[in-house]
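What the coordinates show
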Amino acid sequence: MKKDGKVLSHSLAFGYYRKKYNETEILDGINANNDDMIRYIYKNFFPGIKAMVHSFHTLYLDSEDVFQEGLTRAIINIRENKFSGKSSFYTYLTAICRNVCLKEIQKSGKINDGSKNDLAVNDTETPDDELINRMTILKDKMDEACKQIIDLRFGIQKDKILLPEEGASLENTRFEEIARQLNIETDNARQRFKRCFEKLKIALSNDYLWRELAN
Amino acid sequence: MKKNSINNDLIERYLDNTLPVVERELFDERLKTDPTLSKELTDRIMLQKSWVKVTMHNQVKRHIGHVITIEKQYRKILTTRWLAAASLVVIIGIGSLFFLQNNQNTKDREFLLSSKGINKDNCEKMIQGRQNEVKKYGSVDSLVKNKMDVTKRYSPADNAVFNTSDTILFTWPAKDRIGMLIIFDQKGLKVLEKPIQTGLVEYKLLPSRLKPGTYTWTIPTDELKHKFLIKN
């Protein structure tokens, strides 16, 4: 993890993160994948998000889950330059978390028609969010060996956090290289990937929501 | 199914750029005319992008979760440290109080034992009496603050009742320049005659100096005798 000691500091002896960061510093910290900035955001913004989540009485939602999901989306959007900067980061994060809550309530069928209009349609919501949710569910159902070989083929290295610019330019890893890493024959690697990728496609095509979203 | 499999192989080799030139040109031509192949290639690329995005999303989320967990642990440690420090201060405070109390009792015990005619039991009773006094007044020193009030009258007043373990405080008006404090038993015999220095307005009679019974006390300038009782 990158740590920028000049921008961020905290004292172990006298508490932590007493410093207030301005908007630019927050965005810089997020782009630099700075752990201290995530801690700062958690410490300063989580209580507000928690109160907002608890204001939804219709469904029990874990405020920490909502916060983590919201912050993840906010970070990815910022790194992909999808955050226009018209509002403060806190407002942006709150809007995303609110959307997460409303989506969950919508799924549970406990929302009335009027409330559907509350879902934000600005830069807090991207069409990919739901696709990502569905694929995450389907991916989690796959066995580890399949996930591993698909990751390798798609150029994803284990234990290395992908940044948007890296993700966009990822190239397929050659089967020869995959075979070398897994210590198997090239044809074996090719067949294994083909089988697993086929499984993924079948799972996706059988998923009603995925089909609906993808179309 | 077999056609699909062939297409998949071709697509993978096309993406790897390992197709021979002729085959690659044919593949490019087919893409224009074969919508199935074209859709398969588009789906393959789209799925890869989605997969990468999902991975990136999960990585970021996992990382946030990890950082938050560390933050929580850090807060927990910090809270524990503060609690430990606060507990330590309280323990030290209580300990000091006990130490001072014990130290005072030890000094009293040594002083009283060194005095003639006081045995160990009486000594303990006197210390107990002093502690009773502390309990009653909060601090023995606080008696001094009341000096102006108590010196306006004679104390113990008539028919005052004490326990053997009580310290009896004798006071008299400041105007009385007495030379002697005298205590009589119920038979009228002198049991205590205490010379008092000029200017003093009080005398403390430590516990167990007098046996249970009825006594009277007086000072030479005061003709009255004040009666008091000591119970077991």
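Residue positions are given per chain, counting from 1 as you read along its sequence in written order. Ligands are numbered from 1 and chains lettered from A, in the order in which they are written. It should be noted that, the model being predicted, local features are given only for residues of pLDDT at least 70 and side-chain atom pairs only at 80 or more, the latter also being counted only at that level, while totals for whole chains, interfaces and linings use all residues. Here the side-chain values reflect all heavy atoms present in the structure, with hydrogen atoms and water set aside.

Turning to the overall build of chain A, a few remarks are in order. Helix and strand counts for chain A come out as eleven helices and zero strands. Listing the helices and strands of chain A from first to last along the sequence gives α-α-α-α-α-α-α-α-α-α-α. For every residue, the accessible area (1.4 Å probe, protein chains only) is compared with the maximum for its type, and the residue is labelled buried under 20%, exposed over 50%, or partly exposed between those bounds. Counting over 215 residues, chain A shows a buried share of 47%. Any two residues having at least one pair of non-hydrogen atoms within 4.5 Å are treated as being in contact. When contacts within chain A are restricted to residue pairs at least 6 apart in sequence, those whose partners lie at least 24 apart make up 58%. For chain A, the accessible area works out to roughly 11700 Å², and carbon and sulfur atoms hold 50% of it. Helix and strand definitions follow DSSP, with helices as H or I runs of at least four residues and strands as E runs of at least two, each counted in order from the N terminus. Only the protein chains shown count as cover for residues, and the accessible areas themselves come from Shrake-Rupley with a 1.4 Å probe.

A few words now on the side chain of Asp185 of chain B. Residue and element names in this part refer to chain B. Along the chain, Asp185 turns up in strand S3 (residues 180-185). Only four residue types enter the charge count: Lys and Arg as positive, Asp and Glu as negative, with His and the chain ends excluded. Within this document, salt bridges are pairs made up of a side-chain nitrogen of Lys or Arg and a carboxyl oxygen of Asp or Glu, the two lying within 4 Å of each other. No salt bridge is formed by the buried Asp185. Its closest oppositely charged neighbour is Lys187, at 6.0 Å. Those residues in contact with Asp185 that lie beyond four places of it in its chain are Val191, Thr214 and Tyr215.

Right, let's talk about the packing of helix H2 (residues 35-54) of chain A against helix H3 (residues 63-79) of chain A for a bit. All names here are of chain A. Axis angles are defined between N-to-C directions and span 0 to 180 degrees, where every axis is a line fitted to C-alpha atoms and, for a helix, only to the segment in contact. It is the contact of H2 with H3, at a shortest axis distance of 9 Å, that shows an interaxial angle of 125°. The orientation of H2 with respect to H3, classified from their angle, is oblique. When you trace H2 past H3, the crossing you get is right-handed. Listed contacts from H3 to Ile38, Ile41, Tyr42, Phe45, Phe46, Ile49, Lys50, Val53 and His54 of H2 are Ser63, Glu64, Val66, Phe67 and Leu71. Put simply, Ala, Val, Leu, Ile, Met, Phe, Trp, Tyr, Cys and Pro go in the nonpolar bin, Asp, Glu, Lys and Arg in the charged bin, and everything else, Gly too, in the polar bin. Its residues assigned to classes, the contact of H2 with H3 comprises ten nonpolar, two polar and two charged. An angle below 35 degrees is read as roughly parallel, one above 145 as roughly antiparallel, one from 65 to 115 as roughly perpendicular, and any other as oblique. Working rule for handedness: look at the near helix, and if it is turned counterclockwise from the far one by less than a right angle, call the crossing left-handed; if clockwise, right-handed.

This paragraph deals with the confidence of the model for chain B. Residues and elements named next belong to chain B. Confidence per residue, as judged by the predictor, is encoded in pLDDT with a range of 0 to 100. For chain B, per-residue confidence averages 80 on the pLDDT scale, and 81% of positions sit at 70 or higher. Summarising per-element confidence for chain B, the mean pLDDT is lowest in helix H5 (residues 142-145) (40) and highest in helix H2 (residues 21-33) (91). Scored below 50 in pLDDT, residues 139-151 makes 17 contacts in the model with residues more than four places away or belonging to other chains. What the predictor reports for the complex is a pTM of 0.60 with an ipTM of 0.79.

Let's shift gears to the pattern of salt bridges. With the rule as written, the count across this model stands at 22 salt bridges over all chains. Glu80 of chain A is the partner of Lys82 of chain A in a salt bridge, and the nearest nitrogen-oxygen pair spans 2.9 Å. In this structure Lys82 of chain A comes out as partly exposed when scored by relative accessible area, which is 30%. The residue Asp43 of chain B makes a salt bridge to Lys39 of chain B at a minimum N-O spacing of 2.9 Å. Residue Asp43 of chain B and its partner Lys39 of chain B are both found in helix H3 (residues 35-114); the two are separated by four residues, about one turn of the helix.

Further remarks concern the state of the cysteines. Residue and element names in this part refer to chain A. In this description, a disulfide is simply a cysteine sulfur pair whose atoms lie within 2.5 Å. Applying the stated criterion across every chain, the model contains one disulfide over all chains. Here Cys146 is linked by a disulfide to Cys196, with a sulfur-sulfur distance of 2.1 Å. The sign of the -75° torsion about the S-S bond sets the Cys146-Cys196 disulfide as left-handed. Here Cys146, found in helix H7 (residues 144-153), pairs with Cys196, found in helix H10 (residues 186-206); they are 50 residues apart in sequence, far enough to count as distant. There is no disulfide at Cys97, and the cysteine sulfur nearest it, in Cys101, is 6.9 Å away. According to the relative accessible area criterion, Cys101 is buried, its value standing at 0%.

Our focus in this paragraph is the packing of aromatic side chains. All names here are of chain B. When two rings of Phe, Tyr or Trp (its six-membered ring) have centres within 6.5 Å they constitute a pair, described as stacked for plane angles under 30 degrees, edge-to-face for angles over 60, and tilted for the intermediate range. For the structure shown, the criterion picks out 20 aromatic pairs over all chains. With a centroid separation of 6.5 Å and an interplanar angle of 55°, the aromatic rings of Tyr154 and Trp217 are classed as tilted. Of this pair, Tyr154 sits in the loop between helix H6 (147-150) and strand S1 (160-163) while Trp217 sits in strand S6 (residues 213-218); the two residues are 63 residues apart in sequence, bridging distant segments of the chain. The exposure class assigned to Trp217 is buried, which follows from its relative accessible area of 0%.

Of all residues except glycine, most have a negative phi; of all peptide bonds, most are trans. For the bond from Ser155 of chain B to Pro156 of chain B, the omega torsion is 0°, close enough to zero to count as cis. Among the structural elements, Pro156 of chain B can be located in the loop between H6 and S1. For Asn33 of chain A, which is not glycine, the phi torsion reads 55° and is therefore positive. The residue Asn33 of chain A is located in the loop between helix H1 (23-31) and H2 in this model. Classification of Asn33 of chain A by relative accessible area gives buried; the value is 11%. Positive phi, close to 65°, is recorded for Asn159 of chain B, a residue that is not glycine. Asn159 of chain B gets classed as exposed once you look at its relative accessible area, which sits at 56%.

Residues and elements named next belong to chain B. One bridge is not enough; two strands pair if DSSP finds at least two bridges between them. Here five strands make up an open sheet; going across it, the order is S1-S7-S6-S3-S4 and the pairing mixed. Among the strands making up the open sheet, the edge pair consists of S1 and strand S4 (190-195). In this sheet, adjacent strand axes meet at a mean angle of 25° when their direction is disregarded. Looking at chain direction, S3 and S6 are connected through four bridges and run antiparallel. Counted as the bridge partner of Ile183 is Trp217 from S6.

Residues and elements named next belong to chain B. Of all six residues that make up S3, five are buried, and the element is covered over most of its length. The sheet contact formed by S3 and S4 spans five bridges and is antiparallel. Its bridge partner lying in S4, Ile182 is registered against Glu193. Following S3, the chain reverses through four residues before pairing antiparallel with S4; Gly188 in that reversal takes a positive phi of roughly 90°.

Residue and element names in this part refer to chain B. The side-chain alternation of strand S2 (residues 168-171) yields two buried faces, one formed by Ile168 and Phe170 and the other by Leu169 and Thr171. Sheet topology note: the S2/strand S5 (residues 202-205) ladder contains four bridges and is antiparallel. When the bridges of S5 are listed, Ile168 appears paired with Leu205.

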